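Each chain is listed here by its residues.
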Amino acid sequence: MAKSPLLRILSYHSINDSYNFDKQIKFLRKNFSIISYYQLTVFLKNRCLPEKPLLITSDDGDKSFYDNAFPILKNHELSATLFVITNLIGTSTPFWWNEIEYYLGKNEGNKKVLEVKCWANKRREAYLEELRNTSSKPILKYDQLTPGQLREMQEAGITIANHSHTHPMFDKCTPEELEHEMSKSTIILRDLGFTPDVFAYPNGNFSPNAESILQKYGIKQAYLFDHKINKGDVNPLRISRLVVNDTTPLWKFKLILSGWHTKILPITKALGKLRK
Ligand SMILES: [Zn+2]
């Protein structure tokens with residue numbers, strides 16, 4: 001048992017490349033101790049974890065997690081944490097960023113998604129409503145995970161956790177909007193039989209104003225999206241995560257896990273600018 005080990009938390013989104021994901025998981029099994037949310041809770045209390053601890057998380061609750069990642073994790077008897085958006089559970093409502101890409105096309109849509117993430121939440125919501133009402137395209141539909149699928153995963157060791165009610169940028173929300181996001185999502189998760197005490201900031205957008213509201217709704221751990229390995233004392237409401245995806249090749253995956261990726265990133269970005 002290590003006293004205060006480096007704690008790596010991986011953040012995935014959708015999982016479509018099962019072959020590569022399986023390779024990543026096999027590598028993780030060989031080189032790390034994959035822990036559950038509950039073991040992390042114990043660590044935060046007692047600082048007691050196995051060597052090289054690593055937690056797997058996935059944001060948004062895309063159905064591809066159930067279709068492609070869950071069978072692999074189950075096969076390896078591994079746990080993970082899945083952060084779900086509560087107003088989408090059991091619906092055919094798409095993710096709002098996919099709607100923008102659908103209405104505007106991939107390229108323009110991509111740019112617009114980045115732009116609206118910087119807007120006040122009310123403005124983003126009004127823009128989406130206008131897009132839906134003025135487009136000649138039929139309404140986009142997308143099957144989301146059902147309560148039954150979420151329960152099945154929970155029973156097999158996947159922690160179902162809170163990723164807000166509508167996935168707004170928390171740093172662009174008013175206190176009233178934050179309150180609404182947390183109260184709705186907490187009630188829904190509780191009604192479905194889950195324990196809503198873990199939260200991941202949508203898009204990783206941290207908001208200091210949100211912390212007291214998170215605590216009010218019983219959140220014990222909140223996760224960021226900041227490409228960092230947790231070292232030393234971990235603030236349970238500001239837990240760092242390394243961003244990976246299902247298609248990340250193994251050489252890059254290893255680099256990200258080493259922590260060097262974060263150090264190299266600003267240099268490669270600067271070199272990229274010099275080349276232009
Ligand atoms: Zn998200």
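What counts, and at which threshold
- Residues numbered from 1 in each chain as written.
- Predicted model: local features only at pLDDT ≥ 70, side-chain atom pairs only at ≥ 80, totals over all residues.
- Heavy atoms only, no water.
- Helix = DSSP H or I, 4+ residues; strand = E, 2+ residues; numbered from the N terminus.
- Rg over C-alpha atoms; globule rule 2.2 N^0.38 Å.
- Buried < 20%, exposed > 50% of the residue type's maximum accessible area, 1.4 Å probe, protein only.
- Areas by Shrake-Rupley, 256 points an atom, 1.4 Å probe, with all protein chains shown as cover.
- Lys, Arg positive; Asp, Glu negative; His and termini not counted.
- Charge placed at Lys NZ, Arg CZ, Asp CG, Glu CD.
- 1 Å grid on protein atoms, 1.4 Å probe; cavity = no way out; pocket = protein on both sides within 12 Å on 5 of 7 lines; lining within 4 Å.
- Points joined across faces, edges and corners; volume = space filled by probe spheres on them.
- Nonpolar A, V, L, I, M, F, W, Y, C, P; charged D, E, K, R; others polar.
- Donors = N, O, S within 2.8 Å, 3.2 Å for Na, K, Ca; no water.
- Salt bridge = Lys/Arg side-chain N within 4 Å of Asp/Glu carboxyl O.
- Axes fitted to C-alpha atoms, helices over the stretch in contact; angles between N-to-C directions.
- Parallel < 35°, antiparallel > 145°, perpendicular 65-115°, else oblique.
- Left-handed = near helix turned anticlockwise from the far one by under 90°.
- Contact = heavy atoms within 4.5 Å.

Going by an unreviewed UniProt entry, the chain carries the name Polysaccharide deacetylase and comes from Salegentibacter flavus.

1. Examining the overall build of the chain
Looking only at helices and strands, one finds 11 helices and eight strands in the chain. Its C-alpha atoms give the chain a radius of gyration of 19 Å, near enough to 19 Å, the size a compact globule of 276 residues would have. Viewed in the frame of its principal axes, the chain has a C-alpha envelope of about 60 × 55 × 35 Å. Taking all 276 residues of the chain together, 49% fall into the buried category. Summing over all exposed atoms, the chain offers an accessible surface of approximately 13600 Å²; the carbon and sulfur share of this is 53%. With 38 positive and 29 negative side-chain charges, the chain shows a separation of 8 Å between the mean positions of the two kinds.

2. Examining the layout of surface pockets
In this structure, the largest pocket occupies an estimated 770 Å³ of space. The wall of the largest pocket is formed by 24 residues, among which H13, D60, W97, N98 and K117 lie closest to the centre. Put simply, the parts of the chain that give the lining of the largest pocket at least two residues each are strand 3 (53-60), helix 4 (96-104) and helix 5 (106-116). Ranked by the residues each element gives to the lining of the largest pocket, the list is headed by helix 5, at four residues. Estimated volume of the second largest pocket: approximately 300 Å³. Along its surface, the second largest pocket is lined by 19 residues, and N87, W96, E99, L128 and R132 are the ones closest to its centre. The leading source of residues in the lining of the second largest pocket is helix 6 (residues 121-134), at five residues. Its residues assigned to classes, the lining of the second largest pocket shows nine nonpolar, five polar and five charged.

3. A short note on the coordination of the zinc ion
Only D60 (OD), H163 (NE2) and H167 (NE2) from the protein coordinate the zinc ion, and they sit 2.0 to 2.1 Å from it. Each donor residue of the zinc ion belongs to the same chain, and together they define the spacing D-x102-H-x3-H. Like H167, H163 is buried.

4. Comments concerning the environment of E155
Counting through the fold element by element, E155 comes out in helix 7 (residues 147-155). Relative accessible area serves as the criterion here: at 70%, E155 is assigned to the exposed category. Linking E155 and L10, residues 145 residues apart in sequence, is a C-alpha distance of 22 Å.

5. With respect to the pattern of salt bridges
Counted by the stated rule, this structure contains 11 salt bridges. In this structure, the salt-bridge partner of R132 is E99, at a minimum N-O distance of 2.6 Å. Of this pair, R132 sits in helix 6 while E99 sits in helix 4, and the two are 33 residues apart along the sequence. Residue R132 is classed as partly exposed on the basis of its relative accessible area of 26%. Relative accessible area serves as the criterion here: at 4%, E99 is assigned to the buried category. Among the salt bridges present, the one from E129 reaches R132, with a minimum N-O distance of 3.0 Å. You can see E129 and its partner R132 sitting in helix 6, three residues apart, about one turn around the helix. Among the charged side chains, a network of salt bridges with common partners joins E99, E129 and R132.

6. Some thoughts on the packing of helix 1 (residues 18-31) against helix 10 (residues 250-258)
With their axes 11 Å apart at the nearest point, helix 1 and helix 10 run at an angle of 45° to one another. As the angle between them shows, helix 1 and helix 10 are arranged oblique. Once helix 1 is placed against helix 10, the crossing between them reads as right-handed. Only L250, F253, K254 and L257 of helix 10 make contact with helix 1, whose side of the interface consists of K23, Q24, F27 and L28. Residues that form the contact of helix 1 with helix 10 fall into these classes: five nonpolar, one polar and two charged.

7. Some thoughts on unusual backbone geometry
Phi at E77 is positive, roughly 55°, even though this residue is not glycine. Considering the arrangement of structural elements, one finds E77 in the loop between helix 3 (63-75) and strand 4 (80-84). Despite not being glycine, S164 shows a phi value in the positive range, around 80°. Here S164 lies in the loop between strand 5 (158-162) and helix 8 (175-191). Overall, the relative accessible area of 0% leaves S164 in the buried class.

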